[in-house]
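Here is how the chains run, residue by residue.
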Amino acid sequence: MNVLVINCGSSSLKYQVINSDTEQVLAKGLCERIGIDGRLVYTPAGGEKEISNLDMPTHKQAIQYVIDALTNEKTGVIKSLDEIGAVGHRLVHGGEKFACSTLITEDVIKAVEECSDLAPLHNPANLIGVRACQELMPNTPMAGVFDTAFHQTMPLEAYMYGIPYEYYEKYKIRKYGFHGTSHSFVSKRTAELLGKPIENLKIIVCHLGNGSSVCAVNGGKSVDTSMGLSPLEGLIMGTRSGDIDPSVMEFICKKENMDINGIMDVLNKKSGVQGLSGVSSDFRDLQAGAADGNKRCEMAVDVFCYRVLKYIGAYVAAMNGVDAIAFTAGLGENDEIVRRKIVSRLGYLGITLDEEANENGRGKEIAISTPDSKVPVWIVPTNEELAIARETVALLK
Ligand code: ADP
């Protein structure tokens with residue numbers, strides 16, 4: 001079956017068509033600047049990337065262009081929409097309502113809407129994508145795969161914040177965690193690569209990208225993760241601050257005459273390695289800057305790596321041990337400097353970095369610890385779209 005995987009944001013939409021039998025990607029791309037002007041990027045497997053500027057006032061129009069591209073006589077990959085057996089939607093926040101993926105019904109849409117308070121930027125945008133697909137493909141089954149679902153197995157002690165309990169009762173304020181699809185996919189794959197049942201393993205997954213999080217996976221279940229109520233908690237990220245003393249917010253607001261919206265904008269969009277370096281949120285720019293002697297670029301990378309190191313230590317403690325550590329996502333898969341700065345400080349776990357594997361391992365499934373290390377460390381590329389396609393097909397069986 002071919003599955004159309006959709007990741008819909010407020011003004012952009014990423015898509016892939018995956019054949020679930022062969023797990024091959026037939027085509028992929030994105031729509032950008034929806035509601036502003038509009039740009040479609042379309043890449044069929046084995047073909048050239050096409051970029052077209054198109055008028056995209058709505059998400060429905062954007063998805064119509066995607067369908068037109070997929071069914072185009074010359075460069076399309078399917079003859080008609082009948083060849084799409086299902087649509088898998090990435091949904092960000094399922095609150096406490098969704099501990100697994102689900103087929104999308106009107107009740108599910110209502111329940112996701114009810115979680116929108118928890119993810120005001122993401123959930124409404126995700127649902128716009130769902131509605132647009134429903135209008136264009138009314139007879140095609142659709143699944144929702146939540147970023148938060150995998151973490152619903154966290155124990156109470158991990159997800160409660162030390163604030164008045166009534167805020168949890170009234171508003172469901174607690175840690176939820178994100179990147180669940182990736183943490184689930186990568187932990188499963190790590191177990192396969194080790195040739196051991198995941199039920200017997202304690203795995204720490206470091207998903208390091210523009211958004212970053214660490215997850216403690218014990219016996220295949222998430223038991224703690226670094227992101228919280230929102231993706232702002234935890235690691236230092238491209239532009240997000242991660243953990244800070246909440247008093248910093250009051251201090252900056254008073255000194256800079258800012259309100260809550262202003263400081264949230266600073267913490268989400270102007271902080272992280274971007275704010276620290278003053279140069280870029282992209283680690284390629286930071287590593288180039290550091291190599292040229294820019295001390296703030298070097299510091300930003302160091303502060304980022306130190307925070308990851310601390311979370312790994314915390315999760316070893318939380319699980320009373322660790323059997324494997326996996327690095328994934330843009331940085332985890334590609335940035336050997338970041339991996340070296342973290343893994344070379346894990347000697348207390350009996351881990352030695354295999355320098356050569358680390359330098360040559362870019363984007364591969366490969367062990368980057370030496371064979372005599374007590375805990376294997378691997379690069380395990382993530383594939384959230386494939387995970388969504390698999391979940392979608394599993395729900396239809
Ligand atoms: P997102 O959270 O947006 O999905 P990604 O997982 O794509 O982010 O990660 C983006 C980060 O990965 C950027 O900081 C980028 O510099 C880094 N990255 C991507 N490719 C490479 C590469 N080939 N070498 C080094 N860093 C890379």
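Residues numbered from 1 in each chain as written. Predicted model: local features only at pLDDT ≥ 70, side-chain atom pairs only at ≥ 80, totals over all residues. Heavy atoms only, no water.

A. Main features of the overall build of the protein. For the protein, the count of helices and strands is 15 helices and 14 strands. Over its C-alpha atoms the protein spans a radius of gyration of 21 Å, differing by no more than 12% from the 21 Å that the globule rule assigns to 397 residues. A principal-axis box enclosing the C-alpha atoms of the protein has dimensions of 55 × 55 × 45 Å. Counting only contacts in the protein whose residues sit at least 6 apart along the sequence, the fraction spanning at least 24 positions is 60%. Surface summary for the protein: the accessible area is close to 18,400 Å², and the carbon and sulfur share equals 50%. For the protein, the distance from the average site of its 40 positive side-chain charges to the average site of its 50 negative ones is 3 Å. (Helix = DSSP H or I, 4+ residues; strand = E, 2+ residues; numbered from the N terminus. Rg over C-alpha atoms; globule rule 2.2 N^0.38 Å. Contact = heavy atoms within 4.5 Å. Areas by Shrake-Rupley, 256 points an atom, 1.4 Å probe, with all protein chains shown as cover. Lys, Arg positive; Asp, Glu negative; His and termini not counted. Charge placed at Lys NZ, Arg CZ, Asp CG, Glu CD.)

B. Structural context of the sheet that holds strand 10 (residues 212–218). The mixed open sheet is built from 6 strands, whose spatial order is 11-10-9-12-14-13. Edge positions in the sheet fall to strand 11 (221–225) and strand 13 (366–367), since each has one partner strand and no second. Here 2 bridges tie strand 13 to strand 14 (residues 377–379), and the two strands are oriented antiparallel to one another. Paired with Ile366 across the two strands is Ile379, which belongs to strand 14. In the packing of helix 6 (residues 180–194) onto the sheet, the strands contacted are strand 9 (202–208), strand 10, strand 11, strand 12 (324–328) and strand 14, and the crossing angle to strand 9 comes to about 130°. Helix 11 (residues 295–319) contacts strand 9, strand 10, strand 11 and strand 12 of the sheet and is inclined by roughly 160° relative to strand 9. (Pairing = 2+ DSSP bridges. Axes fitted to C-alpha atoms, helices over the stretch in contact; angles between N-to-C directions.)

C. Representation of the sheet that holds strand 6 (residues 84–91) within the structure. With respect to topology, 8 strands assemble into an open sheet ordered 5-4-3-2-1-6-8-7, the strand pairing being mixed. The sheet terminates laterally at strand 5 (50–53) and strand 7 (102–103), the two strands that pair on one side only. Alignment of strand 6 against strand 8 (residues 142–146), held across 5 bridges, turns out to be parallel. Looking at the pairing, Val87 lines up with Met142 of strand 8. The strands touched by helix 1 (residues 59–70) are strand 1 (2–8), strand 2 (13–19), strand 3 (24–32) and strand 4 (39–44); relative to strand 4, the strand with the most contacts, the crossing angle is about 30°.

D. Spotlight on the environment of His179. On the secondary structure map, His179 appears in the loop between helix 5 (165–171) and helix 6. Assessed through its relative accessible area of 10%, His179 is described here as buried. For the pair His179 and His151, spaced 28 residues apart in the sequence, the C-alpha separation amounts to 9.2 Å. If we skip the residues at most four places from it in the chain, His179 touches Asp147, His151, His207, Gly211, Ser212, Ser213 and Met227. (Buried < 20%, exposed > 50% of the residue type's maximum accessible area, 1.4 Å probe, protein only.)

E. Layout of the site of the ligand. Around the ligand, the neighbouring residues are Gly209, Asn210, Gly211, Ser281, Asp282, Phe283, Arg284, Ala329, Gly330, Leu331, Asn334 and Arg362. Within the contact set of the ligand, an oxygen atom lies 3.4 Å away from a side-chain nitrogen or oxygen of Arg284. Between the ligand and the protein, one listed contact pairs a nitrogen atom with a side-chain N or O atom of Asn334 at 3.4 Å. Within the complex, 68% of the 580 Å² of free accessible area of the ligand lies under protein. Of all the elements in the fold, those that place two or more residues in the shell around the ligand are helix 10 (283–291) and helix 12 (329–334). For the shell around the ligand, the element with the highest residue contribution is helix 12, accounting for 4 residues. Considered class by class, the residues forming the shell around the ligand number 3 nonpolar, 6 polar and 3 charged. (Near = heavy atom within 4 Å. Polar contact = N/O pair within 3.5 Å; in protein donor to acceptor, adjacent residues only side chain to side chain. Nonpolar A, V, L, I, M, F, W, Y, C, P; charged D, E, K, R; others polar.)

F. Quick look at a nonpolar patch on the surface. On the surface, a nonpolar cluster with roughly 200 Å² of combined accessible area is contributed by Met1, Leu103 and Leu396. Looking at the element boundaries, Met1 is found in the segment before strand 1. Overall, Met1 belongs to the partly exposed group, its relative accessible area being 33%. (Patch = residues over 30% accessible without salt bridge, like charges linked within 9 Å, V, L, I, M, F, W, Y side chains within 5 Å. Salt bridge = Lys/Arg side-chain N within 4 Å of Asp/Glu carboxyl O.)

G. Summary view of unusual backbone geometry. If you check the backbone angles, Arg33 has positive phi at about 60° while not being a glycine. Along the chain, Arg33 falls in the loop between strand 3 and strand 4. The backbone of Asn320 sits at a positive phi, close to 55°, despite the residue not being glycine. Inspection of the secondary structure puts Asn320 in the loop between helix 11 and strand 12. Here Asn320 falls in the exposed class, since its relative accessible area comes to 68%.

H. The pattern of salt bridges, seen in detail. One pass over the full model with this rule turns up 21 salt bridges. The closest approach of N and O atoms between Arg174 and Glu96, which form a salt bridge, is 2.9 Å. Taken together, the positions of Arg174 in the loop between helix 5 and helix 6 and Glu96 in the loop between strand 6 and strand 7 put the pair 78 residues apart, joining distant regions of the chain. Of the residues examined, Arg174 reaches a relative accessible area of 1% and is grouped as buried.

I. View of the pairing of strand 1. With 6 of its 7 residues buried, strand 1 lies for the most part within the structure. As judged from the 7 bridges shared by strand 1 and strand 2, these two strands associate in the antiparallel manner. Bridge pairing in strand 2 places Asn7 opposite Lys14. Judged from the 5 bridges that link them, strand 1 and strand 6 form a sheet pairing that is parallel. Bridge pairing in strand 6 places Leu4 opposite Val87.

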